[in-house]
Amino acid sequence: MNSRPTLATVAELAGVSRQTVSNVISNPHLVAPITLERVRAVIAQVDYRPNTAARRLRTQRSFVVGARMTTDFDGISGYVLDHFLHAVTSAAQRVDLHILLYVADDAEAEIQIWDQLLAEGGVDGLVLAHTHADDPRTRWLSERKVPFVAFGRPWNNNGTHPGDHAWVDVDGCAGVRLATERLLELGHRRIAFLGWPEGSGVGDDRLGGYLAALAASDQDVEPLVRRCDGTVREATEVATELLADPELTAIVTVSDSLALGASTAVRECAPRQVAIVGFDDTPVARALDLSSVAQPVDIVADHCIDFLRAQIDAANARFSQAKPVNPADRQILIQPRLVERASSRSPN
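Residues numbered from 1 in each chain as written. Predicted model: local features only at pLDDT ≥ 70, side-chain atom pairs only at ≥ 80, totals over all residues. Heavy atoms only, no water.

(A) Spatial organisation of the pairing of strand β4 (residues 148-151). Judged by which residues are buried, β4 turns out to be covered on both faces: Phe148 and Ala150 on one side and Val149 and Phe151 on the other are all buried. Bridge count for β4 against strand β5 (residues 166-170) is 3 bridges, and the pairing is parallel. Considered in β5, the bridge of Val149 is made with Ala166. (Buried < 20%, exposed > 50% of the residue type's maximum accessible area, 1.4 Å probe, protein only. Helix = DSSP H or I, 4+ residues; strand = E, 2+ residues; numbered from the N terminus. Pairing = 2+ DSSP bridges.)

Here it is, written out as structure tokens:
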């Protein structure tokens, strides 16, 4: 029976030093691209697996990243964060990191969990989601210089300040603008926007896309904005009120949950076809043939892990050669795409 391949085995087959192989595994940014590709090919060929226990002892790193499981969303709205957790776990595994999941009722409870994990050396960094204005979590981590990355912008100062920490976000404004512009192209002239209560960073950002599309249009189109909480039930009620306007032919919504509510209202009380576009492209949207703005969550997760890995390497004294991390180099806004289905059609 063949013995398990070692780091020395990989080094010999790739024609490099053991330190180079170690860098490929732990600090790929220190290795030339051609060498990196050659060593990784050998690692895959011989199915080399690092001795994790020895690495932890040698580097004083856990190679573990913490992430919170969020339970305060319904099955529709929670889809994006569920997808993100799956994607970020896959992205972490590709660079030899592991995700530790935990639950917390609120920000204070989450910070207490971090305090314990960091004191015990249980994690090297953290992945945040569902950030908001004046988020105490980002402040707590920044003050303690803990490596972390957020899925979502800081939203302070109406979202115009990029913050001084790593984040990856999807451009909701651009996504809703794309959806609204498409409805205008199809001939709709009375288009409503159904959004969340004012003050939601994400919701207000998406509303901005709707308003920008109408403002840029060469047609005389007046904004029609209504707000509700994130439940399907209230969205149905508000959409029913909107449908009392006989000239209304389309509704753009801030989420697929609200799109489902609007769709229910159209089905129950509208004697005409009304186009509906949601946001998030959830399985519900696909099942009901609802047009929706899709977030490229897998790409978001890849960037999150890249940004976090760079911070972890830079923070570790053993890797003093790691490139300094500039906030501007670890903040990115990713473009979504519009998925058109039967629910967005030309007005009759």
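Next comes the rest of the description.
(B) Quick peek at the pairing of β5. Burial analysis of β5 places 5 of its 5 residues in the buried class, which makes it a mostly covered element. Two strands pair when backbone bridges link them, and β5 and strand β11 (residues 331-334) are joined in this way by 4 bridges, in the parallel orientation. Bridging from a neighbouring strand, Trp167 pairs with Gln331 of β11.

(C) Examining unusual backbone geometry more closely. A positive phi angle, close to 65°, is found at Asp96, a residue other than glycine. Position of Asp96 relative to the elements: it lies in the loop between α5 (79-94) and β2 (98-103). The phi dihedral of Lys145 is positive, around 55°, even though this residue is not glycine.

(D) Local environment of the sheet that holds strand β7 (residues 225-227). Spatial ordering of the open sheet is given by β7-β6-β8-β9-β10-β12, a layout of 6 strands whose pairing is mixed. Lying at the two open borders of the sheet, with one neighbouring strand each, are β7 and β12 (337-339). Geometrically, the sheet is characterised by an average inter-axis angle of 20° between neighbouring strands, direction not taken into account. In the sheet, strand β10 (residues 291-294) pairs with β12 via 3 bridges, with the strands oriented antiparallel. Across the sheet, Ser292 pairs through a bridge with Val339, a residue of β12. (Axes fitted to C-alpha atoms, helices over the stretch in contact; angles between N-to-C directions.)

(E) Representation of the packing of α5 against helix α13 (residues 297-315) within the structure. As a packed pair, α5 and α13 sit with axes 8 Å apart at the nearest point and diverge in direction by 45°. Between α5 and α13, the crossing angle belongs to the class labelled oblique. Taken as a pair, α5 and α13 cross one another with a handedness that is right-handed. Residues Val80, His83, Phe84, Ala87, Val88, Ala91, Ala92 and Arg94 of α5 form the contact with α13, whose participating residues are Val297, Asp298, Val300, Ala301, Asp302, Cys304 and Ile305. Split into classes, the residues belonging to the contact of α5 with α13 amount to 11 nonpolar, 1 polar and 3 charged. (Parallel < 35°, antiparallel > 145°, perpendicular 65-115°, else oblique. Left-handed = near helix turned anticlockwise from the far one by under 90°. Contact = heavy atoms within 4.5 Å. Nonpolar A, V, L, I, M, F, W, Y, C, P; charged D, E, K, R; others polar.)

(F) A look at the environment of Ser263. Its place among the elements puts Ser263 in helix α11 (residues 256-269). Exposure remark for Ser263: the relative accessible area of 16% places this residue in the buried category. The contacts of Ser263, once residues within four sequence positions are left out, are Ile276 and Leu290.

Coordinates in, geometry out; function isn't part of it.
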